[in-house]
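Report on the structure
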Amino acid sequence: MCAPVDARSQTFRSIKNIPAASDGTHLGFAWGPGDILVYETLYKTSGAKASGCPFIHEVRKDEDIYSPILRKLFNESHHIFVGLQTIREDLPSKNKKPQFVSISKNYRSVIRACMEELQQVAVSTKVSQVALQYGNQVSILLAIELIWNLCEVLFIEAAPAGSLLLHLLDWVRLHKADVDEKAREVLQSESPAEHHDYWDVVVSYVLQGRLEEARQMLVKQATLQPAARKMYKLMDSLLSKMPFYNPGGTQTLTEFDVKWRHWHEEVDRCLQDNSFASNKHLELICKVLVGDEDTLLAHKDLLSTWYHFLVTRLLFCHPTVKPTELHYYAQSCMTMFLDPRSVPEPLDSILLAAFEFDIHQVIKDCSIALNNWWFVAHLTDLLDHCKLLQSHNLHFGSNLREFLLLEYASGLFTHHSLWQLAVDYFDHCPEFGRVYLELQIERVPLDTERKALKVLRICEQRQMSEQVRSICKIMAMRALRNNRLGSALSWSIRAKDAAFATLISEKFLQDYCARGTFSDLDLIDNLGPAMLLSDRLTFLGKYREFHKLYGEKRFSEAAKLLLSLMTAKIAPRSFWMTLLTDALPLLEQKEVIFSADQTHELMFCLEELTSSLNNTTPGTDRPMQDEDIEVTKVELLRLALARNLAMAIVKEGTVEA
């Protein structure tokens, strides 16, 4: 088992490779959610002038979020995390415990699936550097799953005496799978009993408490040695008689302990009687069964780790060990197994803290040793739901669970797609989650309109009005720069930005004046209540409505709407001439459209417009041609209005008569 890599020590090792700084230069550090900045700080000494320019070096800290395989880990664990938050708080603890255990197993299955995929890629790749990288990630995931599994047994399952050893045996067997590979090689050979690894497999099975497999292997050896059949039969009897506690059975723990002690005494008698003296292998197995420490320590190569040694020692010496006694045995086994001159690896310290039931030390050591916050954030969240971290609050307000979730989610926000997962983590941090989300969401690059809509939907669902306005303004400005007026207007309406909506409406009207047609008709036709955002937008919507009425030959309604736009002062003064020009076809209809009063209103608007044009500041640069066109329009309008007034008076007089 490889110990997890200490990423921060790696980071600082890479810092050592930064070019040496000149005299008087110091290094400063700034940690970010996804990397670390290292910068030179210059200090001026008295009488000396600092020279040169300080450099900033970026050292990436969390590479895992950029691994395509590990992204599956983040995605899958996100679904499990969200499901965990839905468990009702008011349920009794005994009802919730099976759910918590199931969720813990789900987390571990995701870890194991990623680990297997990484292993396959590491084996298949031909690039040695990539294989090394994936191999390191496999080692880290192995360590993570090992720690998580132990925490599940000790903290979440909270197995009592008797059951505790059974869980620890499963834990060791799961993480010491090389025995099965070696056993397959032996069994597939021509003569398994004569294979050079045969006895290693048998002893390994016994060390793991897999006595049934050991008995099956011994049968093969017994058939080759008829003279020693009686000795093998005795060993088979001892192995078959070894009692294992059954939590679901009727036997009490005390009854099991008495039965186990009788069996242990029988094995010890066989050893004292030299029943296996003529066969060193069977004698070795007998010594293992009585829990002889010297024999166990002589086979460190088969045990490989101190915690395997611990579980084997408990199996054959203290099968009814209580959770409160574990720390004593763990410490002594670690001391006996490891070289006294060596410093324990981070993994050893973490597992020892777990055996000591020091949850906070486990979390602290994992935070330091592992290269991202995924493990500590999810494990702490699960333990917090199990009510195991209630007494531990941080000095700056947030509890440990929230602090770690915030750190993990902040790291996800540096990734181009994983930031979406981080939103749910922030949502389930009641104290500071909202604040963090507001800060982080503004840093998401709005590369495409589709991505902007995703971000906007997240903000709208959480009533983050400031962020909604900010996103819409950014997208509206971008659309306007690209001359996409429809998109710009749509974004400004979503932002409820009246000033910007007015500006874009002006652009639409200018575009209409230049081309004679409206662009983005679907948007303008379906403005609805949004047109009330600004007067200019209201005018744009109503003016388009006038054109629709005219196109449908609903001339009376069109005339009434056109007049109201001018008399209500909704239309900008600069657009009055365009409106009056639009009135010309209605004035020249055979049927009278404008009444006498409406015609008087139009004449008043025309005179008001012409008087303002005549009173323009002298020296204003207006082309002579434009002036001639304006004069011609005014004369045509006056003539059409006079004719329409006469017709309207005659018509209204006839109706009255």
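In this convention, every chain numbers its residues from 1, walking through the sequence in written order. Whole-chain, interface and lining totals are the exception, using all residues; otherwise, since this is a predicted model, local features are given only for residues with pLDDT of at least 70 and side-chain atom pairs are given and counted only at 80 or more. Note: side-chain values were computed over all heavy atoms of the structure, leaving out hydrogens and water.

For the protein chain, the helix and strand inventory stands at 31 helices and three strands. The buried label applies to any residue whose accessible area, calculated with a 1.4 Å probe on protein chains only, is under 20% of its type's maximum; exposed applies above 50%, and partly exposed to all values in between. In the protein chain, which comprises 657 residues, the proportion classed as buried is 46%. Between two residues, a contact is recorded if the distance between any of their heavy atoms is within 4.5 Å. The contacts of the protein chain with a sequence gap of at least 6 include a subset with a gap of at least 24, amounting to 63%. When the accessible surface of the protein chain is totalled, it reaches about 33,700 Å², and 53% of it is carbon and sulfur. Put simply, DSSP H or I for four residues or longer makes a helix, DSSP E for two residues or longer makes a strand, and each gets a number counted from the N terminus. Residue-level accessible areas treat just the shown protein chains as cover; the underlying method is Shrake-Rupley with a 1.4 Å probe.

So, on to the environment of L489. Mapped onto the elements of the fold, L489 is located in helix α24 (residues 485-495). For L489 and L523, which are 34 residues apart along the polypeptide, the C-alpha to C-alpha distance reads 8.7 Å. If sequence neighbours within four positions are ignored, L489 has contacts with A501, I504, S505, F508, L523, L527, L537 and L540.

With that settled, the discussion passes to the packing of helix α23 (residues 465-481) against helix α25 (residues 498-515). Packing of α23 against α25 brings their axes to within 12 Å, and their N-to-C directions diverge by 20°. It follows that α23 is roughly parallel to α25 by the angle criterion. Relative to α25, α23 is oriented so that their crossing is left-handed. From α23, A476, M477 and L480 reach across to α25, where they touch F500, L503 and K507. As a working rule, the residues Ala, Val, Leu, Ile, Met, Phe, Trp, Tyr, Cys and Pro are called nonpolar, Asp, Glu, Lys and Arg charged, and the rest polar, with Gly in that last group. Of the residues contributing to the contact of α23 with α25, the split by class is five nonpolar, no polar and one charged. Here the axes come from fitting lines to C-alpha atoms, over the contacting stretch only for helices, and the angles between their N-to-C directions go from 0 to 180 degrees. Orientation labels follow simple angle bins: below 35 degrees gives roughly parallel, above 145 gives roughly antiparallel, 65 to 115 gives roughly perpendicular, and whatever is left gives oblique. In a left-handed crossing the near helix is turned counterclockwise from the far helix by less than a right angle, and in a right-handed crossing that turn is clockwise.

Salt bridge, as used here, is a side-chain nitrogen of Lys or Arg placed within 4 Å of a carboxyl oxygen of Asp or Glu. Counted under the stated rule, the structure contains 27 salt bridges. Two residues, R341 and D339, come together in a salt bridge whose shortest N-O distance is 3.3 Å. Through salt bridges with shared partners, a single ionic network connects K105, R108, R112, E145 and E152.

This part takes up the confidence of the model for the protein chain. Interpreting fine coordinate detail is not advised for predicted regions of low pLDDT. Note: pLDDT gives the predictor's confidence per residue, expressed from 0 to 100. With 84% of its residues at a pLDDT of at least 70, the protein chain reaches an overall mean of 82. Confidence over residues 1-22 falls short of pLDDT 50; this stretch has 39 contacts with residues more than four positions distant or in other chains. In this model, residues 43-50 is a region of pLDDT below 50 whose contacts with residues beyond four sequence positions or in other chains number three contacts.

So, about the environment of T380. Following the sequence through the fold, T380 ends up in helix α18 (residues 374-385). A sequence separation of 24 residues divides T380 from L404, and the C-alpha atoms of the two residues are 7.8 Å apart. Not counting residues up to four positions away in its chain, the partners in contact with T380 are I363, L389, L400, R401 and L404.

Take the environment of T254 next. Tracing the backbone shows T254 in helix α10 (residues 253-272). We classify T254 as exposed; its relative accessible area is 58%. Measuring from C-alpha to C-alpha, the distance between T254 and T320 comes to 8.9 Å, with 66 residues separating the pair along the chain.

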